[in-house]
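This is what each chain is made of:
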Amino acid sequence: VDFVSAYRYFSQAAQESNPSAQYGLAYMHLTGQGVAEDHEKAYKLFVQAAEQGYPDAYFYMGMMNLRGMGMRRKSVQRAFSYLTLAAHVGHVQAMYNSAMLHLTGKGTVRNCKPASGLLKQASEKSPTAAVLQEGHELFFRGHYQQALWKYLQAGEAGMELGMANAAWLMARGYAHAGGLMPNVTFRLHKRSAAQGNVASLLAMGDAYFYGSGVELDWRRASAIYYEAYHERSAEAMFNLGYMHEFGAGVPQDLQLAHRLYGMASHTNKDATLAVVCAHAWLALHRAWHRVRPMLPQVSDSFLLRLLGAPASGIPGAVPYFSGGALQLELNLWHWLDALGLTTLASALTDQKDVGETAVLLLMCLALFWVVKLQRQRMTQAAQRRNGQEQPQAEESDHEDDLVETEGQEGTGS
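Keep in mind that this is a model prediction, so the values were computed, not measured.

Draft legend 1. Quick peek at the overall build of the chain. For the chain, the helix and strand inventory stands at 20 helices and 0 strands. Considering only contacts in the chain between residues 6 or more positions apart, those separated by 24 or more positions represent 44%. When the accessible surface of the chain is summed, it comes to about 24,600 Å², and 57% of that surface belongs to carbon and sulfur atoms.

Draft legend 2. Here's a closer look at the side chain of H285. Following the sequence through the fold, H285 ends up in helix 16 (residues 272–291). Side chain to side chain, H285 and E245 meet in a polar contact 3.2 Å long.

Draft legend 3. Focus on the packing of helix 5 (residues 76–88) against helix 6 (residues 92–104). The geometry of helix 5 relative to helix 6 is characterised by a closest axis approach of 8 Å and an angle of 140° between their N-to-C directions. Judged by the inter-axis angle, helix 5 sits oblique to helix 6. Pair helix 5 / helix 6 crosses with left-handed handedness. Across the interface between the two elements, V76, F80, L83, T84, A86 and A87 from helix 5 touch A94, M95, N97, S98, L101 and H102 from helix 6. Broken down by class, the residue content of the contact of helix 5 with helix 6 amounts to 8 nonpolar, 4 polar and no charged.

Draft legend 4. Seen up close, the nonpolar core. Core analysis: the biggest nonpolar cluster contains 34 residues, and F209, Y225, F238, M243 and Y261 have the highest contact counts within it. With 7 residues, the top contributor of residues to this core is helix 14 (residues 234–246). Excluding anything up to four places from it in sequence, Y225 contacts L202, G205, D206, F209, A236, N239, L240 and M243. The next biggest cluster of nonpolar side chains, apart from the first, holds 33 residues, and it includes A26, L66, M69 and A94.

Draft legend 5. Expanded view of the confidence of the model for the chain. In the predicted model, the chain carries a mean pLDDT of 79, and 76% of its residues have values of at least 70. Note that pLDDT drops below 50 for residues 298–324; the model gives that stretch 36 contacts with residues more than four away or on any other chain. For residues 346–354, every residue scores under 50 in pLDDT, and the model assigns this stretch 6 contacts once sequence neighbours within four places are set aside.

Draft legend 6. View of the pattern of salt bridges. Tallying each qualifying case throughout the model produces 3 salt bridges. Among the ionic pairs, E134 bridges to K150, the shortest N-O distance being 3.0 Å. One end of the pair, E134, is in helix 8 (residues 127–140); the other, K150, is in helix 9 (residues 144–156), with 16 residues separating them in the sequence. Taking relative accessible area as the criterion, K150 reaches 21% and is therefore assigned partly exposed. Of the charged contacts, one joins E156 and R191 as a salt bridge, the two residues approaching to 3.0 Å between their closest N and O atoms. Separated by 35 residues along the polypeptide, E156 in helix 9 and R191 in helix 11 (residues 181–193) bring together distant segments of the chain. On the basis of relative accessibility, which here comes to 59%, the residue E156 falls in the exposed class.

Draft legend 7. A look at the side chain of Q22. Structurally, the position occupied by Q22 is in helix 2 (residues 19–31). Discounting chain neighbours no more than four positions away, the residues touching Q22 are A14, S17, L45, Q48, A49 and Q52.

Draft legend 8. Structural context of helix 14. For helix 14, spanning 13 residues, the distance from its first C-alpha to its last is 19 Å, which sits close to the expected 18 Å at 1.5 Å a residue. Here helix 14 lies mainly inside the structure; 11 of its 13 residues are buried. If you check which residues of helix 14 are buried, you get A234, A236, M237, F238, L240, G241, Y242, M243, H244, E245 and F246. Positive phi appears at G247, one or two residues downstream of helix 14, with a value of about 65°.

Draft legend 9. Molecular detail of the layout of surface pockets. Looking at the second largest pocket, its volume works out to about 1,100 Å³. Residue lining of the second largest pocket: 35 residues in total, with K106, G196, N197, V198 and E231 positioned closest to the centre. Counting residues per element, the lining of the second largest pocket draws most heavily on helix 6, at 6 residues. Counted by class, the lining of the second largest pocket contains 16 nonpolar, 9 polar and 10 charged residues.

Draft legend 10. The packing of aromatic side chains, seen in detail. Considering all chains together, one arrives at 19 aromatic pairs under this definition. Centre to centre, the rings of Y27 and Y60 are 5.8 Å apart; their planes meet at 75°, and the pair counts as edge-to-face. One end of the pair, Y27, is in helix 2; the other, Y60, is in helix 4 (residues 55–67), with 33 residues separating them in the sequence. Ring centres 6.0 Å apart and planes at 80° place the aromatic pair Y226 and Y229 in the edge-to-face group. With Y226 and Y229 both in helix 13 (residues 218–230) and 3 residues apart, the pair spans about one turn of that helix. An aromatic cluster of at least three residues, connected via ring pairs, comprises Y23, Y27, F46, Y54, F59 and Y60. Its end group placed over the ring of Y9, R8 keeps NZ or CZ at 5.0 Å from the ring centre.

Thresholds, definitions, all that
- Residues numbered from 1 in each chain as written.
- Predicted model: local features only at pLDDT ≥ 70, side-chain atom pairs only at ≥ 80, totals over all residues.
- Heavy atoms only, no water.
- Helix = DSSP H or I, 4+ residues; strand = E, 2+ residues; numbered from the N terminus.
- Contact = heavy atoms within 4.5 Å.
- Areas by Shrake-Rupley, 256 points an atom, 1.4 Å probe, with all protein chains shown as cover.
- Polar contact = N/O pair within 3.5 Å; in protein donor to acceptor, adjacent residues only side chain to side chain.
- Axes fitted to C-alpha atoms, helices over the stretch in contact; angles between N-to-C directions.
- Parallel < 35°, antiparallel > 145°, perpendicular 65-115°, else oblique.
- Left-handed = near helix turned anticlockwise from the far one by under 90°.
- Nonpolar A, V, L, I, M, F, W, Y, C, P; charged D, E, K, R; others polar.
- Core = buried A, V, L, I, M, F, W, Y, C linked by side-chain atoms within 4.5 Å.
- Buried < 20%, exposed > 50% of the residue type's maximum accessible area, 1.4 Å probe, protein only.
- pLDDT = per-residue confidence, 0-100.
- Salt bridge = Lys/Arg side-chain N within 4 Å of Asp/Glu carboxyl O.
- Expected span 1.5 Å × (residues − 1).
- 1 Å grid on protein atoms, 1.4 Å probe; cavity = no way out; pocket = protein on both sides within 12 Å on 5 of 7 lines; lining within 4 Å.
- Points joined across faces, edges and corners; volume = space filled by probe spheres on them.
- Phe/Tyr/Trp six-rings, centres within 6.5 Å; stacked < 30°, edge-to-face > 60°.
- Lys NZ or Arg CZ within 6 Å of the ring centre and 35° of its normal.

Listed below in structure tokens is the structure:
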């Protein structure tokens, strides 16, 4: 590849206002291929090409506005407008990204109908979308390694859903990538998050929090969670509350932790059980902060041993007993997920089924009460029968004794 010659020819044609040349120069400045990376210059060249109706230029203008590249601040509204223009002239990736904005309500009113229409058009026109669909079909048939390959093909073609699905397969153990699996998974999540996938953004934060595929860095994890927080992610809100409670990578602030937990529950009702448990633990945490000054200093190390974590075993200088408590609460969430209690709580607290759930609970309580009353009545009846049979048995035994005595007297005479 001769980038120098390409740049020269593109420059000559761009001076004559050729839209393809302007687009080619813009792409080189955007990616830094053969020239210094310059997002502002790339955006100006994309604008010149778009003014002449070049559809790819509209697409990249939309994506740059969406990410805030080449400008002071990003604008989701302008991004939606440019992507819609590109979608109207048949740009497949623009159709997909416009549909995602419709589904999430970013830059426009949340509406599933236009989103489904755009996705249908994209699936009919794009060979990449067909590859992604093949991946779905292979996954549901149980051919996980082949599904991974299809998702990777879609991801390399620029579809963030393909990257996210490939990372999900490897992270859950459905497919393998050898000893490099954590690194590959992180890179796929990073590329997917760069295109606006919030789930991948959360996965990146988790990777930094646990040190999976990257070096453990709680400060970096908190920064990524804050990015997801701005996208109204309930998981990010909960994670940030958790980190502020224990001072992991962020300043310890129990009041802020309480607010973030509450925001998570308000944003997503599925987080109800997790938030209730977190608030209970936070109350214990606050009580400990009030009581601790009155206790001897040795209590810190004692409590850490009681919670099963050494004082120096948790990195990041987590204050007092937070290191052990952090590990203990992590274990608690793993057990809750394993037992399915979080799913049960989500079902019981779903606002759409509150009436049905309440009726079912009342019926269960009524059934329990009826069974209890029946058992009590059966027990009382059994006791009455036993009470009546016992005197009769005693009277019968007494009569037998009298008959036997009379028989003995008769024999003796």
